[in-house]
Each structure stands twice: as C-alpha cells, then as structure tokens.
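# Observations on the model geometry
Letter by letter, the chains look like this.
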Amino acid sequence: MKKGRIEAFSDGVIAIIITIMVLELKIPHDKSALKDLMPLLPVFLSYVLSFIYVGIYWNNHHHMFMVVNKVNGAILWANLHLLFWLSMIPFATGWMGENHFAAAPIALYGFVLLMNGIAYSILASLLVKHHGEDSLLARALGNDFKGKLSVACYILSIPCAFVNVWISGALYILVAFMWLIPDKRIEKVIHEEHEKE
C-alpha cells in the first residue's frame, strides 16, 4: 500500500486534536480586565505544553514518512494506535489545567505522554521492519537514544507527580525542549543519499 492516505488521515486527526484543545480555552464573559485572565493561566500553560507536544509528534511523523514509501496493515494499526494516544492529550490537558496541576492529573498526563512515546516507537520499529535494516529510516533512527530517554523521563514523572508535581512538570518541559531542537537525522540521511546520486 502507498503511504499517502495514512499521511493525509494522520494530518487530519492531528488538526482536530489541536482544534479540540483550543476550544477548551474558555473566554471569561462580562469581564474585560487582564486580571480576569489569571485564573485561566494553568489552563493556558497546559494548552501551550500540549500544543508543543502535538506539534513535535506531527513534525516527527512527517519526517519519518518522508523516508518510507509503502505501508502494510500492521503499520496502519500502529499509526491508529499512535493517533488514539494523541487524541487523549486534550482530555489529559484539560484535567491538568482545570485542576491547577494537581498530582493525579499530572500523573495521568505523564501516562498519556508515555503511551504516545511507546506508540511512536512501535510505529517506527514496524516501519523499519517493513523497509529493512539497511533502509534510510533505519539508518536515520539508529538506536533512537532520544526516544528511549523520553520514555524513561515519562516513566519517572508518573510517581514523581505524587511526591512533587514540579519535578514531573520539569521532566515534561525537558523532554519537549529536547525534541524542539531540530532532529537532523532523517534530513542528514536524505542529504547523504542525494550526494551519492
């Protein structure tokens, strides 16, 4: 199967996820002072963090599919698995923001991020298996240290939420910053292939 439909479907679902998150930002009615926005600050900060995470997944998904040319049924299901966990981000975001970063919502947010990380790893490994260990994707991903470190941070963040929510929050921000730094692995192997031609 060609990859076009999986990319288009994923882009659509991710756009809907972002739309759902922004619709959760409620406007204070009959209040026009900036101070009236202060109670919304936790909700807004949760939205910003989640928007960054969804953006990171969209960006990495796009890059990953740049170096593959075909998919199979297992990959379709793995992609749906990833999209399912991405679609849970608005719920976890809303609960975390509305409850001002309480322990249980912070832990659930970490669990959702953990499941997203695992789902993305499953999708990547199935794509590598389908295209071969000598494929561009396999060469680009290498041992995927950054992905493994992200999953480890999410695992650590869940129990930390019940000790100190700020530790968990710092881990989420750390992982987001780690992925915001442009990952040149895929672009590098594409560039190397063009130089060979």
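Model, not experiment: these values are computed from the prediction.

Moving on: helix α7 (residues 145-160). A turn of α-helix holds 3.6 residues, and therefore any two residues three or four places apart point the same way. Here α7 is 16 residues long and its end C-alpha atoms lie 22 Å apart, about the 22 Å a rise of 1.5 Å per residue gives. Looking only at α7, the buried set comprises Lys 146, Gly 147, Ser 150, Val 151, Cys 153, Tyr 154, Ser 157 and Cys 160. The elements touched by buried residues of α7 are α2 (41-66), α5 (103-131) and α8 (165-180).

Next up on the list: the nonpolar core. Looking at soluble globular proteins, one finds that nonpolar side chains tend to be buried together. Counting residues in each nonpolar core, the largest one holds 57 residues, and the members touching the most others are Tyr 53, Met 64 and Leu 137. Residue contacts for Met 64: discarding those within four places in its chain leaves Tyr 120, Leu 123, Ala 124, Leu 127, Leu 137 and Ile 186.

Together, Met 38, Leu 41, Phe 44, Leu 45 and Val 48 make up a nonpolar patch on the protein surface, roughly 430 Å² of accessible area in all. Along the polypeptide, Val 48 turns up in helix α2.

Its location among the elements puts Ile 6 in helix α1 (residues 4-23). Using a relative accessible area of 6% as the deciding quantity, one classes Ile 6 as buried.

With phi around 50°, His 100 is a residue other than glycine that occupies positive phi space. Positive phi values are uncommon outside glycine, yet Asp 144 reaches one of about 50°. Here Asp 144 shows up in the loop between α6 (136-141) and α7. The class of Asp 144 is buried, set by a relative accessible area of 17%.

The rules we used
- Residues numbered from 1 in each chain as written.
- Predicted model: local features only at pLDDT ≥ 70, side-chain atom pairs only at ≥ 80, totals over all residues.
- Heavy atoms only, no water.
- Helix = DSSP H or I, 4+ residues; strand = E, 2+ residues; numbered from the N terminus.
- Expected span 1.5 Å × (residues − 1).
- Buried < 20%, exposed > 50% of the residue type's maximum accessible area, 1.4 Å probe, protein only.
- Contact = heavy atoms within 4.5 Å.
- Core = buried A, V, L, I, M, F, W, Y, C linked by side-chain atoms within 4.5 Å.
- Patch = residues over 30% accessible without salt bridge, like charges linked within 9 Å, V, L, I, M, F, W, Y side chains within 5 Å.
- Areas by Shrake-Rupley, 256 points an atom, 1.4 Å probe, with all protein chains shown as cover.
- Salt bridge = Lys/Arg side-chain N within 4 Å of Asp/Glu carboxyl O.

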